[in-house]
Amino acid sequence: MTTEVEMSRMSWTDYAEAIATRDPAVLIPVGSVEQHGPHLPLATDCLIPEAIAKAAARRTGAIVAPTISYGYKSVPRCGGGQHFCGTTSVDAATLIGQLRDIVRELARHKVTKVSFVVGHMENLWFVTEACDLALREVKMLGLEAPRLMNVGYWEFLSKPTIEKAFDGTFPDWSLEHAGIMETSIMLHCHPELVKMERLTEHGPATLPVYDLWPYDTAQVPDTGVLNTAKGASAAKGKLFYDEYVQSFSDALVDAFGKSPSIR
Ligand SMILES: [Zn+2]
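Rules used in this analysis
Residues numbered from 1 in each chain as written. Predicted model: local features only at pLDDT ≥ 70, side-chain atom pairs only at ≥ 80, totals over all residues. Heavy atoms only, no water. Helix = DSSP H or I, 4+ residues; strand = E, 2+ residues; numbered from the N terminus. Contact = heavy atoms within 4.5 Å. Buried < 20%, exposed > 50% of the residue type's maximum accessible area, 1.4 Å probe, protein only. Arc of directions from axis to C-beta. Donors = N, O, S within 2.8 Å, 3.2 Å for Na, K, Ca; no water. Axes fitted to C-alpha atoms, helices over the stretch in contact; angles between N-to-C directions. Parallel < 35°, antiparallel > 145°, perpendicular 65-115°, else oblique. Left-handed = near helix turned anticlockwise from the far one by under 90°. Nonpolar A, V, L, I, M, F, W, Y, C, P; charged D, E, K, R; others polar. Phe/Tyr/Trp six-rings, centres within 6.5 Å; stacked < 30°, edge-to-face > 60°.

Novice: What am I meant to see in the side chain of His177 here?
Specialist: The topology assignment puts His177 in the loop between helix 6 (159-166) and helix 7 (180-189). Excluding its chain neighbours within four sequence positions, the residues that come into contact with His177 are Glu34, Gln35, His36, Cys78, Gly79, Glu182, Gly224, Val225, Leu226 and Asn227.

Novice: Explain helix 6 to me, please; I cannot follow it from the model alone.
Specialist: Within an α-helix, residues lying three or four positions from one another point in the same direction, as the helix has 3.6 residues per turn. Looking at helix 6, one finds that the buried residues are Thr161, Ile162, Ala165 and Phe166. Seen from one end, helix 6 has its buried residues packed into an arc of 105 degrees, which puts them on one side. Structural note: helix 6 exposes Lys159, Pro160, Glu163 and Lys164 on the side pointing more than 90 degrees away from its buried face. In this structure, the buried side of helix 6 is in contact with helix 7 and helix 8 (234-256). Looking one or two places after helix 6, you find Asp167, whose phi comes out positive at around 55 degrees.

Novice: Help me out: how do you make sense of the coordination of the zinc ion in this one?
Specialist: Four donors placed tetrahedrally about a metal ideally form angles of 109.5 degrees, and six donors placed octahedrally ideally form angles of 90 or 180 degrees. Protein-derived ligands of the zinc ion are His36 (NE2), Asp45 (OD) and Glu182 (OE), with the metal-ligand distances lying across 1.9 to 2.0 Å. Taken in chain order, the donor set of the zinc ion reads H-x8-D-x136-E. With a gap of 146 residues between them, His36 in the loop between strand 1 (26-30) and helix 2 (44-60) and Glu182 in helix 7 connect regions that are remote in the sequence. Both residues of the pair, His36 and Glu182, count as buried.

Novice: Before we go on, may I ask you to explain unusual backbone geometry in this structure?
Specialist: It is generally the case that most residues other than glycine have a negative phi and that most peptide bonds are trans. Here the residue pair Trp213 and Pro214 is connected by a cis peptide bond, since its omega of -10 degrees sits within 30 degrees of zero. With respect to the helices, strands and loops of the structure, Pro214 is situated in the loop between helix 7 and helix 8. Phi is positive for Asp23, close to 50 degrees, though the residue is something other than glycine. Counting through the fold element by element, Asp23 comes out in the loop between helix 1 (12-22) and strand 1. Although it is not a glycine, Lys110 sits at a positive phi angle of roughly 75 degrees.

Novice: Even after reading the chapter, I still don't get the packing of helix 2 against helix 8, so can you show me in this structure?
Specialist: Helix 8 packs onto helix 2 with a crossing angle of 55 degrees between their chain directions and a minimal axis gap of 9 Å. By the angle between their axes, helix 2 is oblique relative to helix 8. In terms of crossing hand, the pair formed by helix 2 and helix 8 is right-handed. Across the interface between the two elements, Ala51, Ile52, Ala53, Ala55, Ala56, Arg59 and Thr60 from helix 2 touch Tyr241, Tyr244, Val245, Gln246, Phe248, Ser249 and Leu252 from helix 8. Of the residues assigned to the contact of helix 2 with helix 8, the class counts are 10 nonpolar, 3 polar and 1 charged.

Novice: When you look at the packing of aromatic side chains in this model, what are you seeing that I'm missing?
Specialist: Here the distance between the centres and the angle between the planes together describe a pair of aromatic rings. Applying the stated criterion across every chain yields a total of 7 aromatic pairs. A ring pair is formed by Tyr72 and Phe126, whose centres lie 4.5 Å apart and whose planes are at 55 degrees; its orientation type is tilted. Of this pair, Tyr72 sits in the loop between strand 2 (63-64) and helix 3 (76-79) while Phe126 sits in helix 5 (residues 124-140), and the two are 54 residues apart along the sequence. Its relative accessible area of 22% is what places Phe126 among the partly exposed residues. Members of the aromatic cluster, each reached through a chain of ring pairs, are Phe166, Phe170, Trp173 and Phe240.

Novice: Honestly, the environment of Tyr15 in this entry has me stumped. Any pointers?
Specialist: With respect to the helices and strands, the residue Tyr15 is situated in helix 1. Of the residues examined, Tyr15 reaches a relative accessible area of 9% and is grouped as buried. As a C-alpha pair, Tyr15 and Pro221 span 206 residues in sequence and 46 Å in three-dimensional space. Those residues in contact with Tyr15 that lie beyond four places of it in its chain are Met7, Met10, Ile63, Leu106, His109 and Val111.

This is the structure:
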């Protein structure tokens, strides 16, 4: 039996054996290629859910499918917007179609439990739509419908941890783009990719509560950082990461039940 958790690194025979004998959940990180300020890499929204999914898979016996790297368009209020060089997004229909097709393929493999682990807020409702369409298609094809979970990983952070790490200055998740949480986790998981010396101190961006098109790019900080990441640290990153991994692992057991694949 293989102990590998990454589908892309398994042979088809090892993967088939795992599905047939252990009935593992398959976890699919869904990220973006999006500016995350001058200090974080464009793939930040892929790298964080990928790290959490791999750790949760090692705990629970799940398998991590390759990350969906391109996400839905960046919205100014939570991602800075589409006007940044490097931000590379796909239309909703493209994203939904790809996710729906992957669920159908996993159902054909006889996977019975799938969880999307979303790293980019703008993706969330399109993942929900893909789950709905996939279930409809799978049933029409006469395949057994898998159970599907969709979660933005940041949802797992508890209030006490937020209070402790932000010291009462937590803005809200949408303004945390490239801020303390993402920067801290990256310092914990991929420190070689973080350039802290490029950060400046500033408060949260003041953006309207509505969306407007074309939007006013002047309202978005030039750096793309919606709330300063000064104060980010690897220690905070470990605090966040450990809680995400534990809570996501617990959620997998809650949602899918204990089975040979959930150790
Ligand atoms: Zn992000």
